[in-house]
Amino acid sequence: MSASGGTRAIVAALAANLAIAVAKFVAFLFSGSSSMLAESVHSLADSGNQGLLLLGGKKAQREATPQHPFGYGRERYIYAFLVSIVLFTVGGMFAIYEGIEKVNHPHPIEAWYWPVGVLLFAIIAESFSFHTAIKESNEIRGKQTWTQFVRRAKAPELPVVLLEDLGALIGLVLALGGVGLALLTGNGVWDGVGTLCIGTLLIAIAIVLAAETKSLLLGEAAGLEEIEKIKTALVDGDVVTRVIHMRTLHLGPEELLVAAKIAVEGHDTATQVADAINAAEARIREAVPIARVIYLEPDIYRPEAAK
């Protein structure tokens, strides 16, 4: 996985979540708080998710084969989609189930200092992980807003880690609120309510992740800026006079397929056209380095056929 895949952010999130999951589960054993149990499962699910992202990045590096001639770049999209499923089922649905159980059968929280202390520790650890993800994202985000970055990013890892860490921080605040209200009122129902809120949050994040990774799996074109660079690189004004039509497709986060029909003059020789195509491919790769697979078809421009 390339640096743009956010490996540092994934590793930081994995280390934080493993430590937090153990701490939360210990707090649950001492306090009996359902919010703590839901949060420990949430952190465990997040740890598994980061493992999936790392595995997907590793598998995506495999060389192309005759059966998979365009390589395995989309493995990263598949594993990112699996993350959304794990977050929905293991994290969200379990929290909803546990919250309903606690609301129907409330009991007071014991040893309150365990859940409160662990939640404060978890907020600090998750903040460190979130800061790492933000720092790495800022290196490639450019002038995009955060919403645009999550929706347009072709590498799925950083958006996934960002949303997971944001959800984890909000979930910790909800858990702290549920535990706090349960302690203040002496009514364990509030602990269950906090757990239900955590489950609803995780399901919402999982749906957003599933929608975004589904779009990547279906196949997305290059960004508008990259498309314009490719079109400019194609035309040399001599042999290649215009782009009749063009299609682009991401074979993976750092691998782009470009297929275009280009206009040449009828009097150009085959050698001239072949040389022009080779030169155009070189210009494209210089302008957009991730354009790895390029197919150019020369044709005579006819306005009625280009529509």
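Residues numbered from 1 in each chain as written. Predicted model: local features only at pLDDT ≥ 70, side-chain atom pairs only at ≥ 80, totals over all residues. Heavy atoms only, no water.

**Notes on the side chain of Asn-49**
Applicable threshold: Here a strand is any run of E in DSSP of at least two residues, a helix any run of H or I of at least four, and the numbering for each starts at the N terminus. Residues are treated as being in contact if the distance between any of their heavy atoms lies within 4.5 Å.
Among the structural elements, Asn-49 can be located in helix α2 (residues 34-59). Here Asn-49 is in contact with Val-83, Val-86, Leu-87 and Glu-164, once residues within four sequence places are set aside.

**Observations regarding the packing of aromatic side chains**
As a reminder of what qualifies: Classification of ring pairs rests on two measures: the distance between centres of Phe, Tyr or Trp rings, Trp counted by its six-membered ring, which must be within 6.5 Å, and the angle between planes, read as stacked under 30 degrees, edge-to-face over 60 and tilted in between.
Counted by the stated rule, this structure contains four aromatic pairs. Ring geometry for Phe-25 versus Phe-28: centroids 5.9 Å apart, planes at 40°, classification tilted. Of this pair, Phe-25 and Phe-28 are both found in helix α1 (residues 7-31), three residues apart, which corresponds to roughly one turn of the helix. Where Trp-146 meets Phe-149, the ring centres are 6.1 Å apart and the plane angle is 90°; that geometry is what we call edge-to-face. Of this pair, Trp-146 and Phe-149 both sit in helix α5 (residues 146-152), three residues apart, roughly one helical turn.

**As for the nonpolar core**
Put simply, the test is: Residue types Ala, Val, Leu, Ile, Met, Phe, Trp, Tyr and Cys, when buried and joined through side-chain atoms within 4.5 Å, form a set referred to as a nonpolar core. For each residue, the accessible area found with a 1.4 Å probe, counting protein chains only, is set against the maximum for its type, and the residue is called buried under 20%, exposed over 50%, and partly exposed in between.
Residues Leu-53, Leu-87, Leu-119, Val-160, Val-161, Ile-205 and Leu-209 are the most contacted members of the largest nonpolar core, which totals 38 residues. Taken together, the elements giving at least two residues each to this core come down to α1, α2, α3 (75-104), α4 (113-141), α5, α6 (157-185) and α7 (189-218). Ile-227, Ala-233, Met-246 and Val-258 belong to the second largest nonpolar core, which has 23 residues in total.

**Points about the environment of Ser-129**
What counts, and what does not: Under this definition, polar contacts are N or O atom pairs within 3.5 Å; protein pairs additionally need one hydrogen-donor-capable and one acceptor-capable atom, and for neighbouring residues in sequence, both atoms have to be side-chain atoms.
Counting through the fold element by element, Ser-129 comes out in helix α4. Take Ser-129: its relative accessible area is 0%, and that puts it in the buried class. Side chain to side chain, Ser-129 and Asp-165 meet in a polar contact 2.8 Å long.

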